[in-house]
Amino acid sequence: MKKSVKILSLILALIMAFSISVCAESGYAHTEEDLKAFLPRWNTIQADYTVISLTPGREAGEINFAWLSATESESFRISDNRDMSSAKELEVHQEKAINGLISNNVTATSLEEGKTYYYSYTENGVFSEPEKLTVQPDENFTVLYISDAQIGRSGDETLEEVLVRDTCGWNYTVDKMTTEFPSAAFVISGGDQFQSPDSLTQMKAYLSPEELRSLPVANTIGNHDDDSTLYGDIFNNPNEVKELFSSEAGTGYYYTYGDVLFITINTENTSLTDSQRVIRSAVKAHPDKKWRVVTMHRNPYSASLSDDDFSDIRLLFSSLYDCYDIDLVLSGHDHLYSRTKVMYGGKEADEGTVYLQTSSASGSNYDPLPEQTASFIVSAFDTRVPTYTALTFGGETIEVSTYRTDTDEIIDSFEVEDNTSDSKSNIFTVIFSIFRTLFSMI
Ligand SMILES: [Fe+2]
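Quick caveat: nothing in here was measured; it's all calculated off a predicted structure.

Draft legend 1. Fine view of the layout of surface pockets. Its boundaries defined by the atoms lining it, the largest pocket holds a volume of some 380 Å³. Of all the secondary-structure elements, those providing two or more residues to the lining of the largest pocket are strand 5 (93-96), strand 6 (102-108) and helix 5 (230-234). The class makeup of the residues in the lining of the largest pocket is 4 nonpolar, 11 polar and 5 charged. Of the residues that make up the lining of the largest pocket, three or more belong to each of domain 1 (61-134) and domain 2 (141-441).

Take a look at the structure:
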């Protein structure tokens, strides 16, 4: 009797431990063996808050760097040679950062296409081992898109096992996509990089994949990044546009690569004039780029939404994209893959914008697919494994394919056609566009 009670208690304890530590909505591609192999890296990752982040610069041939330090006397060098001979010292701009730390920002310019460089920076006064960096061409290039790595989302984020699991999932995805696309020019992240906006632990985890020492990532402000300066401290974004109602994390920004204008919107700021200013500044600076691609965390046409969703996200932002001839919008937030028809004025059209929403990049959380999706959805998947999307530019269309990280299977593939025209937009055309979208839903 005593023995059976003990066994029952043990089973209950195991069930409780399992239910506490494994969130039902998470799901990974990595195995238990992968997790075990990853474990020894965790302490090394957490020991280094000076880990560097790379972001795209204003254009191809420019890369931005940022890292945190305790001291103000930091340096950055870049060289053609691994031994750092003839290294060029670049200016380091410093600002006060979270927890009394310093945010160090550097921009490397005039980098040559196809050339390999080595860079080294001081970590509290001591130079790091040189990191290798190859500049990818800006013609016929591939960009990888992911969202919601959201390290710490799969359970109680104060538990190390939760963070380790999500970080292992994120590293697995980065490893997988860079193995499949070793020459990707850069990565775009659709937001929610961390679960808690001010967590240095989660920041270090997000930046931990070794591949990110040579691969820039254009990050987006998500609802989990919004309430702290940490996002702005560690991501050195190009062409930040001044916003009246900017969040603590920062503002929208833009950059180009080849014939593509990339615009990143801060959807946590729903001020129409601020978002219009970001898009207008970008388009005014680069009116002739063939492609216009927007990244925003929340999706106006998510598979989680209905046909008659009257939210400001749909009314304001989709109307702006109609006015500024945006070809493709990349989002996340709902942790569910979906892709729309070509949309204009709130309904399907021959010319307009395609809205793609990707699922979790780490496996830390998924949202369920509704039983019935809205009429604007072409495809939607609740994969329960991390996915990534490859966008290839260079032809007459943008080729877009989304891959599962467990089987490498393509779950969705399509082409985006050019939607850019010479139409002029101002606040009046935007307001007209909002009413057009509103009336299409009534
Ligand atoms: Fe999220």
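Draft legend 2. Here's a closer look at empty space enclosed by the protein. Throughout the structure, instances matching the rule amount to 1 cavity of 30 Å³ or more. The volume enclosed by the largest cavity comes to roughly 40 Å³. Partitioned by chemical class, the residues of the lining of the largest cavity number 7 nonpolar, 2 polar and no charged.

Draft legend 3. Looking closely at unusual backbone geometry. In the Ramachandran plot, Ser110 falls in the positive-phi region, its phi being about 55° despite a non-glycine side chain. Take Ser110: it is sitting in the loop between strand 6 and strand 7 (116-123). Accessibility expressed as a relative area gives 66% for Ser110, which makes it exposed. Located in the positive-phi region is Asn239, a residue other than glycine, with phi close to 45°. Mapped onto the elements of the fold, Asn239 is located in the loop between helix 5 and strand 13 (253-257). Residue Asn239 is classed as partly exposed on the basis of its relative accessible area, which comes to 23%.

Draft legend 4. Representation of the packing of helix 6 (residues 272-285) against helix 8 (residues 427-441) within the structure. Axis separation between helix 6 and helix 8 bottoms out at 12 Å; the angle between their running directions is 120°. The angle between helix 6 and helix 8 places the two elements in the oblique class. As for the relative orientation of helix 6 and helix 8, their crossing is right-handed in sense. Counted together, Leu272, Thr273 and Gln276 of helix 6 and Ile427, Val430 and Ile434 of helix 8 form the full contact between these two elements.

Draft legend 5. Inspection of the pattern of salt bridges at higher detail. Here the structure, examined in full by the defined rule, presents 14 salt bridges. The closest approach of N and O atoms between Lys176 and Asp408, which form a salt bridge, is 3.2 Å. Within this pair, whereas Lys176 is found in helix 3 (residues 160-180), its partner Asp408 is found in the loop between strand 23 (397-404) and strand 24 (410-417), the two being separated by 232 residues in sequence. Judged by relative accessible area, which is 17%, Lys176 ranks as buried. When salt bridges that share partners are traced, they join Asp80, Glu112 and Lys115 into one network.

Draft legend 6. Representation of a negative patch on the surface within the structure. A contiguous patch of negative charge on the surface is contributed by Asp350, Glu351, Glu399, Glu415 and Glu417. Relative to the assigned elements, Glu351 resides in the loop between strand 19 (347-348) and strand 20 (354-357). A residue is classified by how much of its surface remains accessible, and Glu351, at 53% relative accessible area, is exposed.

Draft legend 7. View of a nonpolar patch on the surface. A cluster of nonpolar residues, Phe310, Ile431, Phe435, Phe439 and Ile442, forms a patch on the protein surface that exposes about 550 Å² of accessible area. Within the secondary structure, Ile431 is located in helix 8. Take Ile431: its relative accessible area is 37%, and that puts it in the partly exposed class.

Draft legend 8. Spotlight on the nonpolar core. Core analysis: the biggest nonpolar cluster contains 67 residues, and Trp170, Ile188, Met203, Tyr206, Phe262, Leu328 and Phe393 have the highest contact counts within it. A total of 6 residues in this core trace back to one element, the largest contributor, which is helix 3. Each of domain 1 (61-134) and domain 2 (141-441) accounts for three or more of the residues forming this core. If you look at the next biggest cluster of nonpolar residues, it comprises 34 residues, including Val241, Leu320, Cys323 and Met441.

Quick notes on the rules
Residues numbered from 1 in each chain as written. Predicted model: local features only at pLDDT ≥ 70, side-chain atom pairs only at ≥ 80, totals over all residues. Heavy atoms only, no water. 1 Å grid on protein atoms, 1.4 Å probe; cavity = no way out; pocket = protein on both sides within 12 Å on 5 of 7 lines; lining within 4 Å. Points joined across faces, edges and corners; volume = space filled by probe spheres on them. Helix = DSSP H or I, 4+ residues; strand = E, 2+ residues; numbered from the N terminus. Nonpolar A, V, L, I, M, F, W, Y, C, P; charged D, E, K, R; others polar. Domains from an automatic or database assignment. Buried < 20%, exposed > 50% of the residue type's maximum accessible area, 1.4 Å probe, protein only. Axes fitted to C-alpha atoms, helices over the stretch in contact; angles between N-to-C directions. Parallel < 35°, antiparallel > 145°, perpendicular 65-115°, else oblique. Left-handed = near helix turned anticlockwise from the far one by under 90°. Contact = heavy atoms within 4.5 Å. Salt bridge = Lys/Arg side-chain N within 4 Å of Asp/Glu carboxyl O. Patch = residues over 30% accessible without salt bridge, like charges linked within 9 Å, V, L, I, M, F, W, Y side chains within 5 Å. Areas by Shrake-Rupley, 256 points an atom, 1.4 Å probe, with all protein chains shown as cover. Lys, Arg positive; Asp, Glu negative; His and termini not counted. Charge placed at Lys NZ, Arg CZ, Asp CG, Glu CD. Core = buried A, V, L, I, M, F, W, Y, C linked by side-chain atoms within 4.5 Å.

Function-wise, these values are silent; they only describe arrangement.
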